[in-house]
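# Notes for the structure review
Chain by chain, the residues:
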Amino acid sequence: MQNYDIVVIGGGPAGLAAAIEAKKNGVDSILVIERDRELGGILQQCIHNGFGLHVFKEQLTGPEYAERFIVELKEMGIDYMVDTMVLEVGNDKRVHAMNPKQGYFIIDAKAVILSMGCRERTRGAITIPGFRPAGVFTAGTAQRYTNMEGYMPGKKVFILGSGDIGLIMARRMTLEGAEVIGVAEVLPFSGGLKRNIVQCLDDYNIPLYLSHTVTEIRGKDRLEGITVAQVDENRRAIVGTEKYYECDTLLLSVGLIPENELSRQAGIEINPRTSGPIVNESMETSVEGIFACGNVVHVHDLVDFVTEESRRAGLNAARFVKGELKAEGSEVSTEAGPGIVYIVPSKIRVENIETNLDLFMRVNNVYHNAKLQLISDGKVYKEYKKKHLAPGEMEKVRLNKQQLSELGNDLQIKVVVEEVV
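Below, the structure is looked at part by part. Owing to the predicted nature of the structure, the values given are computational and were not obtained by experimental measurement.

On the surface, a nonpolar cluster with roughly 370 Å² of combined accessible area is contributed by Met85, Leu87, Met98 and Tyr104. Relative to the elements of secondary structure, Tyr104 occurs in strand S6 (residues 103-114).

Printed below as a string of structure tokens:
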């Protein structure tokens, strides 16, 4: 059995940032485990720029962003394993893993940081009728084929779902010479960042069909075409609005799911709204000594936010190992009020806050001229005016330790709407 103070599961942007921060805060015995052949996670296939504006104050591609952390990790002498699959994490913080070189082995850790990221929803999750022809991919799979493996998924492409990966792949396929017919979105608003709608669709005259979905896939061996229909407010196809598009490729960008099989095995309490672990101000889960950060907790739209959150997890895992994290004291519970889907963290132990705490949240609709209200003990404690709120763009509220100590035992955040579009 191997022994480490901290084991980080996942070598993507979250795991790298957490491991480096833990090392900077006085813990030397750290191991990062990555199941892929290299560190960096999903960033390695994101060759477009736009990363790092918050953390590095400059535009980087995904591999460039990852490289900065990989270089720092290696310079600091932090141990890592690639091509290694974690099979189980016990609530005793024992990590069971295997790889081709060592076979099956167990690592005994004092603290564990979960940073496994998320996975894409597939065709099976949205039940589109038809055969199973070649040419139907998730957008992330097509991105890896194109950017890392050197394969072109197809020549005539339609995209279902307007998540950021789908929008980016609309531009990528166009730049590679494919014809992108359009993007359909079942919701009346896009799930992606506004900048991606402009830069990836509008700049290339690719139409976005809101309140539309794919109702049929045609073709047996290779995709031949799809039927797209308008949907009503219950997301049901409206008869008579069907339109057939001939294409050889369908890319699915229909949502991301936090990768939490290991979390459930460890007995960690899962938030039904985020499908990720319930965490507190220290990014600690319901199991003492097991922390979580990044997309495994909730799906982020900016990797810079992943880095900020993961640094907090690494710092507090180090504090836990050194016995500096306080388990007792006054606690504030956060609650998602009207208009808010979720808030992370769910619990706040004020004694563990050093200076500030960022609360991350998403709204459930597109709002204009609205307010975010913070309510404690039935009274409006603070409010923020917002010209624009959208589900595709995560909101962040920063409170300092003094403000948090003034709250009661509960903090509800809700959207007060003056105009909805």
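With respect to topology, five strands assemble into an open sheet ordered S8-S15-S9-S10-S11, the strand pairing being parallel. For this open sheet the edge positions go to strand S8 (136-138) and strand S11 (208-210), each flanked by a neighbour on one side alone. Ignoring which end each strand starts from, the neighbouring axes of this sheet average 20° apart. One ladder, built from five bridges, connects strand S9 (residues 156-160) with strand S10 (residues 179-185); its direction is parallel. Bridge pairing in S10 links Ile159 to Val183.

On to the nonpolar core. Core analysis: the biggest nonpolar cluster contains 66 residues, and Ile6 and Ile9 have the highest contact counts within it. The contact partners of Ile9, leaving out residues within four places of it in the chain, are Ile33, Val86, Val89, Val95, Val112, Ile113, Leu114, Ser115, Met116 and Leu262. Counting residues in each nonpolar core, the second largest holds 22 residues, with Leu357, Met361, Ala370 and Leu389 among its members.

With that settled, consider the side chain of Asn147. Tracing the sequence through the fold places Asn147 in helix H4 (residues 139-149). Given a relative accessible area of 17%, Asn147 falls into the buried group. A distance of 2.8 Å separates the side chain of Asn147 from the backbone oxygen of Gln45, its partner in a polar contact. There is a polar contact of 2.7 Å between the side chain of Asn147 and the side chain of Arg172. With residues up to four places along the chain from it excluded, the contact list for Asn147 reads Gln45, Ile47 and Arg172.

Structurally, Ile33 is set in strand S2 (residues 30-33). Separated by 49 residues in the primary sequence, Ile33 and Val82 have C-alpha atoms spaced 6.2 Å apart. Aside from chain neighbours lying at most four places away, what touches Ile33 is Val7, Val8, Ile9, Gly10, Gly11, Met81, Thr84, Val86, Val95 and Ile107.

Assignment of secondary structure puts Arg119 in strand S7 (residues 118-120). For the pair Arg119 and Leu60, spaced 59 residues apart in sequence, the C-alpha separation works out to 23 Å. Those residues within four positions of Arg119 in sequence are excluded, and the remaining contacts are Gly255, Leu256, Ile257, Pro258, Glu259 and Glu261. A polar contact is formed between the side chain of Arg119 and the side chain of Glu261, at a distance of 3.3 Å.

Moving on: the packing of aromatic side chains. Scanning all chains against the criterion turns up nine aromatic pairs. With centroids separated by 5.2 Å and ring planes inclined at 40°, the aromatic side chains of Phe158 and Tyr245 adopt a geometry described as tilted. Of this pair, Phe158 sits in strand S9 while Tyr245 is found in strand S14 (residues 243-246), placing the two residues 87 residues apart along the sequence. Here Phe158 matches Tyr245 in class, with each residue buried. Summarising the aromatic geometry, the rings of Phe305 and Phe360 are spaced 5.6 Å apart at their centres and angled 55° between planes, so their arrangement reads as tilted. One end of the pair, Phe305, is in helix H8 (residues 303-321); the other, Phe360, is in strand S23 (residues 356-363), with 55 residues separating them in the sequence. The exposure class of Phe305 is buried, given its relative accessible area of 7%. Phe360 sits in the buried class, given a relative accessible area of 2%.

Between its terminal C-alpha atoms helix H1 (residues 13-24) stretches 17 Å, which fits the 16 Å expected from 12 residues at 1.5 Å a residue. For H1, a buried count of 11 out of 12 residues is recorded, marking the element as mostly surrounded by other parts of the structure. Buried residues along H1 sit against strand S1 (2-9), S2, helix H2 (62-75), S6 and H8.

Here we take up the packing of helix H5 (residues 164-175) against helix H6 (residues 194-201). Between H5 and H6, whose axes approach to 8 Å, the crossing angle comes to 20°. The angle between H5 and H6 places the two elements in the roughly parallel class. The handedness of the crossing between H5 and H6 is left-handed. In contact with Asp164, Leu167, Ile168, Ala170 and Arg171 of H5, H6 contributes Asn196, Ile197, Gln199, Cys200 and Leu201. Of the residues assigned to the contact of H5 with H6, the class counts are six nonpolar, two polar and two charged.

Here the focus is the sheet that holds strand S12 (residues 212-218). Read across the sheet, three strands follow the order S12-S13-S14 without closing on themselves; strand pairing throughout is antiparallel. In the strand order of this sheet, the two ends are held by S12 and S14, each with one partner. On average, each strand axis in the sheet is tilted by 30° relative to the strand beside it, whichever way the strands run. Two elements, S12 and strand S13 (residues 225-230), share six bridges in a ladder whose sense is antiparallel. Paired with His212 across the strands is Gln230, a residue of S13.

About the thresholds
- Residues numbered from 1 in each chain as written.
- Predicted model: local features only at pLDDT ≥ 70, side-chain atom pairs only at ≥ 80, totals over all residues.
- Heavy atoms only, no water.
- Patch = residues over 30% accessible without salt bridge, like charges linked within 9 Å, V, L, I, M, F, W, Y side chains within 5 Å.
- Areas by Shrake-Rupley, 256 points an atom, 1.4 Å probe, with all protein chains shown as cover.
- Salt bridge = Lys/Arg side-chain N within 4 Å of Asp/Glu carboxyl O.
- Helix = DSSP H or I, 4+ residues; strand = E, 2+ residues; numbered from the N terminus.
- Pairing = 2+ DSSP bridges.
- Axes fitted to C-alpha atoms, helices over the stretch in contact; angles between N-to-C directions.
- Core = buried A, V, L, I, M, F, W, Y, C linked by side-chain atoms within 4.5 Å.
- Buried < 20%, exposed > 50% of the residue type's maximum accessible area, 1.4 Å probe, protein only.
- Contact = heavy atoms within 4.5 Å.
- Polar contact = N/O pair within 3.5 Å; in protein donor to acceptor, adjacent residues only side chain to side chain.
- Phe/Tyr/Trp six-rings, centres within 6.5 Å; stacked < 30°, edge-to-face > 60°.
- Expected span 1.5 Å × (residues − 1).
- Parallel < 35°, antiparallel > 145°, perpendicular 65-115°, else oblique.
- Left-handed = near helix turned anticlockwise from the far one by under 90°.
- Nonpolar A, V, L, I, M, F, W, Y, C, P; charged D, E, K, R; others polar.

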